[in-house]
Amino acid sequence: MPKLNLAKDLYAATLSCLLVTDPDEKINAVSQLQPAWLAGDLLRSEAGVVEKITRPGRPAKPELVLPKQMKQRKLHHLEGRIALLHAVAHIEFNAINLALDAVYRFREMPDAYYSDWLQVAAEEAYHFALVRARLRELGADYGDLPAHNGLWEHALKTDQDVLVRMALVPRVLEARGLDVTPPMMARLREVGDGVTADVLAIILRDEVGHVRMGSHWYRYCCELRGLEPEATFRQLLREVLQAPVRGPFYTEGRLQAGFSHEELAQLKSLEDNWLAEIRV
């Protein structure tokens, strides 16, 4: 892949990468962003309008459908493992865009924040490439199956405030991935697909770090505003996400990612109370 002619402005360069539609070109572009930033080749501008990105750069396929239209398939069938990998590939591709948007959109953070989220973008691109390679080994490719747009809908819900973004994307959406991946890996090994399980193990390792970054910057924002982090998180779940954090939790992974034992107990209680309210 050729070296991109990146703009000297960090935000312009990140927006350019965010809007790239071709997966291979996006991976190439993202791989150049973090080294350019760390080398001092990209600078933070003081001006410029921050655009609302209703549609980030993505290929024409997969077709986007409602979550309830997604078919569930069993992992002991090849079709089921392909469907799982396709869903993970779609998550990782969206995660590239989410990390880039976190850099492009929020202009008042310390330099370390941008270093962190450019690292996340590069790692998400690596994850996507791993999953896509495994899909191709199984005779499929990204775009062969439908997907849904839930991740980017959450980006739009949180694009006005970095505190809300850090609370509800890394600490809810990515943290949910921490919870569901270990049992998924175990099931894959049970059906004899250790190769796919090993791919998910790499993703899980890195995602712990991504959620930890989200926890760090969320608490940084809370401290700046004089807010108590755990109470504020629960309030955002009710008022913005309008849903509890779902269990069961992968306790070890969440603790490594910046959650406390007390917070996990409170989130479990919140989920139980929420379900009780629904049943009334």
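Thresholds, definitions, all that
Residues numbered from 1 in each chain as written. Predicted model: local features only at pLDDT ≥ 70, side-chain atom pairs only at ≥ 80, totals over all residues. Heavy atoms only, no water. Helix = DSSP H or I, 4+ residues; strand = E, 2+ residues; numbered from the N terminus. Rg over C-alpha atoms; globule rule 2.2 N^0.38 Å. Buried < 20%, exposed > 50% of the residue type's maximum accessible area, 1.4 Å probe, protein only. Contact = heavy atoms within 4.5 Å. Lys, Arg positive; Asp, Glu negative; His and termini not counted. Charge placed at Lys NZ, Arg CZ, Asp CG, Glu CD. Salt bridge = Lys/Arg side-chain N within 4 Å of Asp/Glu carboxyl O. Axes fitted to C-alpha atoms, helices over the stretch in contact; angles between N-to-C directions. Parallel < 35°, antiparallel > 145°, perpendicular 65-115°, else oblique. Left-handed = near helix turned anticlockwise from the far one by under 90°. Core = buried A, V, L, I, M, F, W, Y, C linked by side-chain atoms within 4.5 Å.

Caption draft 1: Fine view of the overall build of the chain. Each helix and strand counted, the chain has 10 helices and 0 strands in total. Whereas a compact globule of 280 residues would reach a radius of gyration of roughly 19 Å, the chain reaches 19 Å, a difference of no more than 12%. Dimensions of the chain, computed from C-alpha atoms along their principal axes, come out at roughly 50 × 50 × 30 Å. When burial is assessed residue by residue, the chain has 52% of its 280 residues classed as buried. For the chain, long-range pairs separated by at least 24 residues make up 81% of all intrachain contacts whose partners lie at least 6 apart in sequence. With 34 positive and 39 negative side-chain charges, the chain shows a separation of 5 Å between the mean positions of the two kinds.

Caption draft 2: Just the side chain of glutamate 230, in detail. Within the secondary structure layout, glutamate 230 lies in helix α8 (residues 229-241). Within the buried set, glutamate 230 has no salt-bridge partner at all; the shortest N-O distance to an opposite charge, 4.4 Å, is to arginine 219. In contact with glutamate 230, not counting residues within four places along its chain, are Arg219, Ser260, Glu263 and Gln266.

Caption draft 3: Summary view of the side chain of threonine 196. Take threonine 196: it is sitting in helix α7 (residues 194-225). When its relative accessible area of 0% is taken as the criterion, threonine 196 is described as buried. In this structure threonine 196 touches Leu85, Arg134 and Leu188, once residues within four positions along its chain are discounted.

Caption draft 4: The arrangement of the packing of helix α2 (residues 23-38) against helix α3 (residues 78-105) in detail. The contact between α2 and α3 brings their axes to 12 Å, and the two run at 40°. Comparing the axis directions of α2 and α3 gives the class oblique. Read as a crossing pair, α2 and α3 show a hand that is left-handed. Between α2, through Pro23, Lys26, Val30 and Leu33, and α3, the contact on the second element is made entirely by Phe93, Ile96, Asn97 and Leu100.

Caption draft 5: A look at the nonpolar core. In this structure, Tyr113, Trp117, Leu168, Phe233 and Leu237 are the most contacted members of the largest nonpolar core, which totals 81 residues. For this core, the element with the most residues is α3, which contributes 13 residues. Non-local contacts of leucine 237, meaning those with residues more than four positions away in its chain, are made with Leu168, Val172, Gln242, Ala243, Val245, Leu267, Leu270 and Trp274.

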